[in-house]
Amino acid sequence: MDKYIVALDQGTTSSRAVVFDKYVKKVRTAQMEFTQIFPQPGWVEHDPEELFLCQLAVMKEAIAGAKLKPEQIQAVGITNQRETVVLWDKKTGKPVYNAIVWQCRRTADLADRLIAEGKSEMIQLKTGLIPDAYFSGTKIKWILDNVPGVRERAENGEILAGTIDTWLTWKMSGGKVHVTDYTNASRTMLFNIHTLEWDDTLLNMLGIPKCILPEVKDSACVYAMTDPKICGFEAPIASMIGDQQSALFGQACFNPGDTKVTYGTGCFLLMNTGENAIESKHKMITTIALGLNGKIEYAIEGSVFMGGATIKWLRDQLGIISSANEVNILAESVSSSNGVMMVPAFTGLGAPYWDSYARGTIVGLTRGANKAHICRAALEAIAYQVKDEIECMKDDACVDLTNLKVDGGACASNIMMQFQSDILDTPVYRPSNIETTVTGAAFLAGLATGFWESKHDLESVWEIDRIFNPRMKEDERIARYAEWRRAVERSRGWVL
């Protein structure tokens, strides 16, 4: 009887499940959006129960659509939105508060205070991270400090905390296992990426009891069995990995210097640095890329907060497009942005600026500007932000970028990928399978359970759909990038 891997991709705006066969081909996919909660400007939350039920529903839908029998499921793999955190009651399993999402800026003041107190260097040396509201640690502290009774219950061992991989595994196992992997742990600002332990100094700094945190393991191993009463089948949960690290693996970026960018809700760039944890000179992140077979690999990472979410803003808030694809049609209808520049700093700016107080701007507007120019400026803004980070990563790792592998839904935009290649002066490789995040999780679960034997199995099925080669002249490239940097300065420090 043929066996299959079921991979779960729990993202920022939707949950997906994909059934993979032995040839790493997608047999069935199911996807569902869930509610985005914005209690105050700059705050972003999810309902943890809705999030789990949504993920459970699409998993069952994909399995049913593939007509799988329970015994045909070899393993389940999980990849997830990182930094988003949940705290819940150990006995009842009920969340004590909504999940605080990675995009949420409510703890910006706390991050600023850590910087003012001179804690930045210590935090970066231990975690590879820059103090910022982006990471999970300050979010956990906020819940402990602001939800009545939770801190006392946490100190008494009655509360559990975790990123979304931990929450899903705990729920799917029937509350039997409280675990995370190295990649997700490395995003909390509480985990020492060199000693591979929850760090007492960092925990004490934020007042977080160690007892609420999960056990940390490799990204590919059998953590637990699914509870058949909940999931409808029993199979090993055999991979847990943060979405961006999963995309790096799914892109077959196995060697130092290999680089990918995922164009999702945000844009996330990772450069594999192998066994070397390189400290960035440009406020980039040093992170764990993978824990596999007892070995740790590292990466340099840059984060763009508003990638595909910028296109969604054009649709849902501005109302100038009715579908995501319409942005490409409009952008292609004009030869340029007509001098319009957009800086989509709706939730601040990530690396290399790390400005929580920047806000979105559109500059260069004239009476001749129309919605097509704004759409083109939005796509170009995503590519400009990626260039900001690529330049820093190249300098940190002392390497030249020979090509860039891309994935994620927004990389389907030919006009944006061509501009990305132009502004980088680098070939851009788009694979046939642009959903590499969920592929990485599937492959790791298969490796952990003997479904696949080695990384070579993934390399052999990675195929190029299209290569975008640079066409822009050097003087134009320099001038346009300088104009972008001027526009960024207009957006910075807006909230005083």
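Scroll up a little and you will see the structure.
A brief look at the structure comes next. For clarity, every value in this text was computed on a predicted model and none was experimentally measured. The residue numbers shown here count from 1 along each chain, following its written sequence. Where totals are concerned, whole chains, interfaces and linings use all residues; where local detail is concerned, this predicted model gives features only for residues with pLDDT of at least 70, and gives and counts side-chain atom pairs only at 80 or more. Side-chain numbers here rest on the full set of heavy atoms in the structure, without hydrogens or water.

**Quick look at the overall build of the chain**
Going along the chain from the N terminus, every DSSP run of H or I of four or more residues is numbered as a helix, and every run of E of two or more is numbered as a strand. Summing up its helical and strand segments, the chain has 17 helices and 23 strands in all. Over its C-alpha trace the chain gives a radius of gyration of 22 Å, about what one expects of a compact globule, namely 23 Å for 496 residues. For the C-alpha atoms alone, the extent of the chain along its principal axes is close to 60 × 55 × 45 Å. The 496 residues of the chain split such that 62% are buried. Should any heavy atoms of two residues lie within 4.5 Å, those residues are counted as being in contact. Counting only contacts in the chain whose residues sit at least 6 apart along the sequence, the fraction spanning at least 24 positions is 72%. Carbon and sulfur atoms form 49% of the exposed surface of the chain, whose accessible area is close to 18700 Å². When charges are tallied, Lys and Arg are placed among the positive residues and Asp and Glu among the negative ones, while His and the ends of the chain are skipped. Note that the charge is assigned to NZ on lysines, CZ on arginines, CG on aspartates and CD on glutamates. The centroid of the 52 positive side-chain charges in the chain is displaced by 3 Å from the centroid of its 61 negative side-chain charges. Every radius of gyration here is taken over C-alpha atoms, with the globule rule written as 2.2 Å times N^0.38, N being the number of residues. Between buried and exposed lies partly exposed: a residue is buried under 20% and exposed over 50% of the maximum accessible area for its type, with that area taken using a 1.4 Å probe on protein chains only. Accessibility throughout is a Shrake-Rupley quantity obtained with a 1.4 Å probe, and a residue counts as covered only by protein chains that appear here.

**Some words on the nonpolar core**
Of all hydrophobic cores here, the largest spans 107 residues; its most connected members are L87, I140, Y263, L314 and W484. Tallying contributions element by element places helix α13 (residues 371-397) first for this core, with 15 residues. Excluding residues within four positions of it along the chain, I140 makes contact with V85, L87, L190, I208, I212 and L213. Working definition of a nonpolar core: buried Ala, Val, Leu, Ile, Met, Phe, Trp, Tyr and Cys residues. They are joined through side-chain atoms within 4.5 Å. Within the second largest apolar cluster, 38 residues are counted, among which are A62, I63, I73 and M172.

**Some points on unusual backbone geometry**
Positive phi, normally seen in glycine, also occurs at V24, with a value near 60°. Mapped onto the fold, V24 is located in the loop between β2 (14-20) and β3 (26-33). When its relative accessible area of 10% is taken as the criterion, V24 is described as buried. Phi at N338 is positive, roughly 60°, even though this residue is not glycine. Position of N338 among the secondary structure elements: in the loop between α12 (324-332) and β19 (341-343).

**Some details on the sheet that holds strand β18 (residues 295-304)**
Within a sheet, neighbouring strands are paired by backbone hydrogen bonds and run either parallel or antiparallel to one another. Pairing is mixed in the open sheet, where 7 strands are placed in the order β17-β18-β16-β15-β21-β22-β23. Each of the sheet's edge strands pairs with one partner strand only, and the pair in question is β17 (285-292) and β23 (464-468). Each neighbouring strand pair of the sheet contributes to a mean axis angle of 30°, computed without reference to strand direction. Strands qualify as paired when DSSP identifies two bridges or more between them. Note that β17 and β18 share 7 bridges and pair antiparallel. Bridge pairing links T287 to A299 in β18. A fitted line through C-alpha atoms represents every axis, and for helices the fit uses only the stretch in contact; the resulting angles, taken between N-to-C directions, go from 0 to 180 degrees.

**A closer look at helix α17 (residues 474-491)**
Over its 18 residues, α17 extends 26 Å from the first C-alpha to the last, a length consistent with the 26 Å expected when each residue adds 1.5 Å. If you check which residues of α17 are buried, you get R477, R480, Y481, W484, A487, V488 and S491. All buried residues of α17 project into a common sector of 115° when viewed along the axis, lining one side. Residues of α17 that are exposed and point more than 90 degrees away from the buried face comprise D475, I478 and R486. What a helix should span is 1.5 Å times the count of its residues minus one. Regarding the arc, it is the one traced by the directions from the helix axis to the C-beta atoms.

**Remarks on the pattern of salt bridges**
A pairing counts as a salt bridge when a side-chain nitrogen of Lys or Arg comes within 4 Å of a carboxyl oxygen of Asp or Glu. Applying the stated rule across the entire model yields 33 salt bridges. Close ionic contact of K171 with E49 constitutes a salt bridge, the shortest N to O distance being 3.3 Å. One end of the pair, K171, is in helix α6 (residues 164-172); the other, E49, is in helix α1 (residues 48-65), with 122 residues separating them in the sequence. The same class applies to K171 as to E49, namely buried. One salt bridge connects K126 with D199, and the closest N-O pair in it is separated by 3.0 Å. On the criterion of sequence distance, the pair formed by K126 in helix α3 (residues 120-127) and D199 in the loop between β11 (197-198) and α8 (200-206) is long-range, its members being 73 residues apart.

**Remarks on the environment of P131**
By the secondary structure assignment, P131 is in the loop between α3 and α4 (136-146). Exposure remark for P131: the relative accessible area of 3% places this residue in the buried category. P131 sits 133 residues away from G264 along the chain, and the two C-alpha atoms are 24 Å apart. Apart from residues no more than four positions distant in its own chain, P131 is found in contact with A111, L114, I115, S120, I123 and M189.

**Comments concerning the packing of aromatic side chains**
Each pair of aromatic rings taken from Phe, Tyr and Trp, with Trp reduced to its six-membered ring, is defined by centres within 6.5 Å and is described as stacked if the planes are under 30 degrees apart, edge-to-face if over 60, and tilted in the remaining cases. The final tally for this structure, using the stated rule, is 18 aromatic pairs. An angle of 55° between the planes, with centres 5.1 Å apart, marks the rings of F249 and F254 as tilted. For the pair W313 and F346, a centre-to-centre distance of 4.7 Å together with 40° between the ring planes defines the contact as tilted. Note that W313 is positioned in helix α11 (residues 308-318) and F346 in the loop between β19 and β20 (361-363), a separation of 33 residues in sequence. The rings of W102, Y134, F135, F268 and F305 are connected pair by pair, giving a single aromatic cluster. Lying over the aromatic face of F451, K22 brings its terminal NZ or CZ to 4.6 Å of the ring centre. Only Lys NZ and Arg CZ are tested; either one counts as a charge over a ring when it is within 6 Å of the ring centre and within 35 degrees of the ring normal.

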